[in-house]
Amino acid sequence: MKKCENREYFRIEVRLPIEFRRISHDEYLNLENTVKHSSTHIIDKVNEMRFLKEIISKDEKETGQIHAYIKLIDKKLDMILDLLNKSRDDGLYQNRYINVNISGAGINFTTDVNLHEGEHVELKVILPFPPYPKITSLCNVVRSIVCNINGIANWETALTFTTINEEDRDLLINFIFSKEREFLRYKKEKMV
């Protein structure tokens, strides 16, 4: 965790599921009140829950025949969901499960989507604890720097939260503090 003297919020590096899409200035203005005055959404769609499987499976021990059967069924369900979603997905949102640097003020991540400085973005961050709250915010792209990863163009993108429900920001900050406490506990246990 890093804290600079001029930063208002603590930042952490963590792997999170996010969804984002470009929006026009008019869409930004239309969504602004909705985002500011409505709090966190709980994940309730089947297709959103499959997005979190990578997080959930890390906590389980991968042993036993029952687990193997469940994974096989899970893969088949994923194929069915993918086929169903392709027909009704509008293609606007980019879904990623990536490493992010996040604070109560903004987020930084590397992506294969080229977002330009000054653009407006609608961002949804799913926090990895039950009931898996989805925090929606409206952001501005403050930095987008091209970087090559394995010969493929990617962009290190920084977004600042320009519109976010304050309860959602508090939930995000509490998540960041809990992750920092976990890190400090782990560091302390490792030293012993």
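Thresholds, definitions, all that
- Residues numbered from 1 in each chain as written.
- Predicted model: local features only at pLDDT ≥ 70, side-chain atom pairs only at ≥ 80, totals over all residues.
- Heavy atoms only, no water.
- Helix = DSSP H or I, 4+ residues; strand = E, 2+ residues; numbered from the N terminus.
- Contact = heavy atoms within 4.5 Å.
- Areas by Shrake-Rupley, 256 points an atom, 1.4 Å probe, with all protein chains shown as cover.
- Salt bridge = Lys/Arg side-chain N within 4 Å of Asp/Glu carboxyl O.
- Buried < 20%, exposed > 50% of the residue type's maximum accessible area, 1.4 Å probe, protein only.
- Pairing = 2+ DSSP bridges.

> How would you summarise the overall build of the protein if you had to cite specific residues and measurements?
The secondary structure content of the protein amounts to five helices and seven strands. Listed N to C, the secondary structure of the protein is β-α-β-α-α-α-β-β-β-β-β-α in terms of helices and strands. If you take every contact in the protein between residues at least 6 apart in sequence, the share linking residues at least 24 apart comes to 71%. A total accessible area of about 12300 Å² is found for the protein, and carbon and sulfur atoms account for 53% of it.

> Break down the environment of Ser137 for me, citing the residues and quoting the values.
By secondary structure assignment, the location of Ser137 is in strand 6 (residues 133-149). In the structure, Ser137 is positioned 26 residues away from Thr163 in sequence and 5.7 Å away in space, judged by C-alpha atoms. With residues up to four places along the chain from it excluded, the contact list for Ser137 reads Val35, Val121, Glu122, Leu123, Phe161, Thr163 and Ile164.

> Now, about the pattern of salt bridges: what can you tell me, with residues and values included?
A side chain with one charge may pair with a side chain of the opposite charge, provided their charged atoms come close. Counted under the stated rule, the structure contains eight salt bridges. A salt bridge links Arg21 to Glu27; its shortest N-O distance comes to 3.1 Å. Across the pair Arg22 and Glu119 runs a salt bridge whose closest N-O atoms are separated by 3.0 Å. Placement of Arg22 in strand 1 (residues 12-23) and of Glu119 in the loop between strand 4 (106-111) and strand 5 (120-126) is noted, with a sequence separation of 97 residues between them. Several salt bridges converge on common partners, so that one network encompasses Arg21, Glu27 and Glu122.

> Let's hear about the pairing of strand 4: which residues, and what values?
Most of strand 4 sits inside the fold, with five of its six residues counted as buried. When strand 3 (residues 94-102) meets strand 4, the two strands line up antiparallel, connected through three bridges. Its bridge partner being in strand 4, Asn101 is matched across the sheet by Asn108. Between strand 3 and strand 4, which follow one another and run antiparallel, lie three residues. Bridging between strand 4 and strand 7 (residues 152-164) involves six bridges; their strand directions are antiparallel. Looking at the pairing, Gly106 lines up with Thr160 of strand 7.

> Outline the environment of Glu180, listing residues and values.
Turning to its location among the elements, Glu180 is positioned in helix 5 (residues 166-191). Here Glu180 falls in the buried class, since its relative accessible area comes to 15%. Residues Glu180 and Arg11, spaced 169 residues apart in sequence, show a C-alpha to C-alpha distance of 9.2 Å.

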